[in-house]
Amino acid sequence: MPPSRPVPPTDSRAGSPSRRSLLATAAAFGLVPDAARAQAPSPPPGSGAASPAQPEPAALPAAPGRARFRPEPAPETPVWCFDGKALPPVVRVKLGQPVRLKVENGTDKPLALHWHGVRNVNAMDGVGGVTQAPIPPGGDFLYAFTPPDAGSYLIRPLVVGGSSEPSGRGLAGMLVVEEVNPPAVDADVSVVLQDWRLEDDGTLMPFGQVPLAAAHGRLGNLVTVNGKPAPGIFEARPGARVRLRLGNACNARATRIKFEGVKVYVAAVDGQPTDTFEPLRATLPFPPGTRYDLLVDLPEEEGATCAIHALIGKGLILASVTTKGAKITEKRPPIGPIGENKRLPAEVKLQNALRRDVVITGGAFVPKDKGGAKDGPAPDSVYTGDPQKIWSVNGASGTTGLQPIFSVKRGQVVVLALRNDTAFPQAMHLHGHCFRLLHPLDDGWEPYWLDTFQLLEGRTARIGFLADNPGRWLISATVLERFDTGLWTVFEVT
């Protein structure tokens with residue numbers, strides 16, 4: 001195992017193969033743990049939820065475990081994990097198949113799992129204290145839903161007032177909903193980024209620290225990729241075409257990622273397909289909750305190395321792949337779109353949209369530097385308010401029983417003007433829906449769907465979406481320490 005590399009705690013801004021062969025090739029890459037099955041073989045289409053053929057749910061126990069982040073003789077780190085494995089699980093289903101997972105809470109804290117990005121039925125969104133009662137220690141909860149869209153989604157703990165600790169102790173995963181006709185690739189690889197805040201003895205630093213929650217959140221000093229310290233070193237055959245599914249499951253760490261040694265094409269953003277494009281300057285923003293599906297053709301020569309860098313501090317290599325072995329000679333068409341999601345509207349008609357302002361306030365105060373050295377350290381942020389209500393949306397901190405800031409009939413287009421009146425960038429997530437990031441004059445939008453984005457301090461951004469999913473839904477911070485201390489609100493679709 002490569003030695004762990006310290007990470008400074010600063011906020012960065014910045015012909016189809018068979019399923020069996022896909023999984024075998026992905027395993028050969030070493031990038032993914034064994035894929036968790038969300039259910040037994042599914043019944044025939046149209047069998048109905050009450051059919052006797054309904055598959056038995058698979059168990060997904062969450063409980064304490066141990067992980068080795070530093071070489072021996074350093075001790076292992078006490079963590080929380082799923083199914084006794086420190087690696088974040090990858091749950092895979094085909095589009096149209098149900099997810100049926102019984103989460104068993106073997107920890108000592110309440111738990112709920114949010115299926116981040118899934119346009120879910122409201123009761124299955126997984127927000128403890130809002131869409132469901134939290135799972136008590138020793139209890140269980142059946143998540144049973146059929147994802148409406150193919151794509152890559154995160155599994156994150158989300159409980160009102162109690163999300164930071166289960167995530168910071170290691171609970172995370174990815175849900176992959178495969179297309180009926182996926183693109184032909186040699187490997188379909190899931191990559192989950194996590195961030196750990198460790199003491200010198202390898203134990204986790206205490207949770208619930210107000211100064212962290214009031215500022216950048218719980219930034220760690222160790223980054224892992226699929227549960228193992230970065231960088232991951234891997235090998236693949238020359239000329240291989242690979243689909244990379246990247247997901248940021250960190251508590252708080254936002255970064256930018258940069259690709260070197262290979263041309264990368266973005267095929268989906270936040271799970272939703274887009275016209276393929278090359279990232280500007282080979283970099284992409286990567287706040288918590290964000291996902292990308294990337295298609296890459298590895299170099300055809302043996303011994304070539306490609307890398308994914310996180311622009312953290314002086315730079316951190318997250319993963320590198322070196323080509324080795326016999327060249328893949330199969331002829332393929334150029335990389336292109338993975339297909340349109342026809343369940344999303346072709347356009348968002350803004351003319352008769354319901355328009356609302358969403359204003360984010362609170363957090364620590366950052367004193368202005370009065371005559372200090374320009375290259376010196378930034379002054380410490382200061383917070384002296386209520387430790388339970390550090391952040392607010394439209395003047396109210398999120399808490400159980402919060403009333404919706406607006407209510408709309410199903411089918412109504414909504415435009416939200418989100419304004420960040422805090423001293424920090426804010427990564428925000430719209431539950432149950434996808435949105436378009438609008439241009440400043442409402443004369444168009446960015447050419448991809450989102451459910452998560454980062455809003456810089458002092459800025460306003462407008463998003464437009466079709467409110468077509470009934471229920472009470474959150475607009476929430478993806479930095480979990482901020483979520484726990486009030487940075488979320490609710491809207492209702494009737």
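This text goes with the structure placed above it.
Residues numbered from 1 in each chain as written. Predicted model: local features only at pLDDT ≥ 70, side-chain atom pairs only at ≥ 80, totals over all residues. Heavy atoms only, no water.

Peer 1: What is the right way to read the packing of aromatic side chains from this model?
Peer 2: Two measures describe an aromatic ring pair: the distance that separates the ring centres and the angle between the ring planes. Scanning the model with the defined rule gives 11 aromatic pairs in all. One aromatic cluster is present, built from ring pairs that chain together Trp115, Phe141, Tyr143 and Phe145. The ring of Phe207 has Arg218 sitting right over it, with the charged end atom 3.7 Å from the ring centre. (Phe/Tyr/Trp six-rings, centres within 6.5 Å; stacked < 30°, edge-to-face > 60°. Lys NZ or Arg CZ within 6 Å of the ring centre and 35° of its normal.)

Peer 1: Where do I start with the sheet that holds strand β21 (residues 316-323) in this structure?
Peer 2: Consider a sheet: its strands pair through backbone hydrogen bonds, and that pairing is either parallel or antiparallel. Overall, mixed pairing links the 5 strands, which are arranged β13-β21-β20-β15-β18 in an open sheet. Here the strands that pair on one side only, and so sit at the sheet edges, are β13 (232-236) and β18 (283-286). Averaged over all pairs of adjacent strands, the angle between strand axes in this sheet comes to 20 degrees, irrespective of strand direction. With 5 bridges joining them, β13 and β21 adopt parallel strand pairing. Opposite Phe234, over in β21, you have Val321 as the bridge partner. (Pairing = 2+ DSSP bridges. Helix = DSSP H or I, 4+ residues; strand = E, 2+ residues; numbered from the N terminus. Axes fitted to C-alpha atoms, helices over the stretch in contact; angles between N-to-C directions.)

Peer 1: Please explain the nonpolar core as it appears in this structure.
Peer 2: Side chains that are nonpolar tend, in soluble globular proteins, to be buried together. Counting residues in each nonpolar core, the largest one holds 68 residues, and the members touching the most others are Leu246, Leu294, Leu318 and Leu416. With residues up to four places along the chain from it excluded, the contact list for Leu416 reads Arg356, Val358, Phe406, Ala461, Arg462, Ile463, Phe465 and Ile475. Listed in part, the 26 residues of the second largest apolar core include Ala62, Leu101, Phe145 and Ala150. (Core = buried A, V, L, I, M, F, W, Y, C linked by side-chain atoms within 4.5 Å. Buried < 20%, exposed > 50% of the residue type's maximum accessible area, 1.4 Å probe, protein only. Contact = heavy atoms within 4.5 Å.)

Peer 1: How do you make sense of the pattern of salt bridges when you look at a structure like this?
Peer 2: Two side chains with opposite charge may pair up if their charged atoms get near one another. As enumerated under the stated definition, the model contains 24 salt bridges in all. Note that Glu340 and Lys342 form a salt bridge whose closest N and O atoms lie 3.4 Å from each other. Lys342 carries the same exposure label as Glu340, and that label is exposed. (Salt bridge = Lys/Arg side-chain N within 4 Å of Asp/Glu carboxyl O.)

Peer 1: Sorry, what's going on with the pairing of strand β2 (residues 58-67) here?
Peer 2: Within a regular strand, side chains alternate between the sheet's two faces. Bridge count between β2 and strand β5 (residues 99-105): 5 bridges; the pairing is parallel. In the strand pairing of β5, Ala59 is matched with Lys102. Of the pairings in the sheet, the one linking β2 to strand β3 (residues 77-82) comprises 6 bridges and is antiparallel in character. Following the sheet pairing, Ala67 is matched in β3 by Thr77.

Peer 1: Would you mind going over the sheet that holds β5 with me for this structure?
Peer 2: Spatially, β3-β2-β5-β7 is the arrangement adopted by the 4 strands of the open sheet, whose pairing is mixed. The outermost strands of the open sheet, each flanked by one partner alone, are β3 and β7 (140-145). For this sheet the average axis-to-axis angle between neighbouring strands, irrespective of direction, equals 20 degrees.

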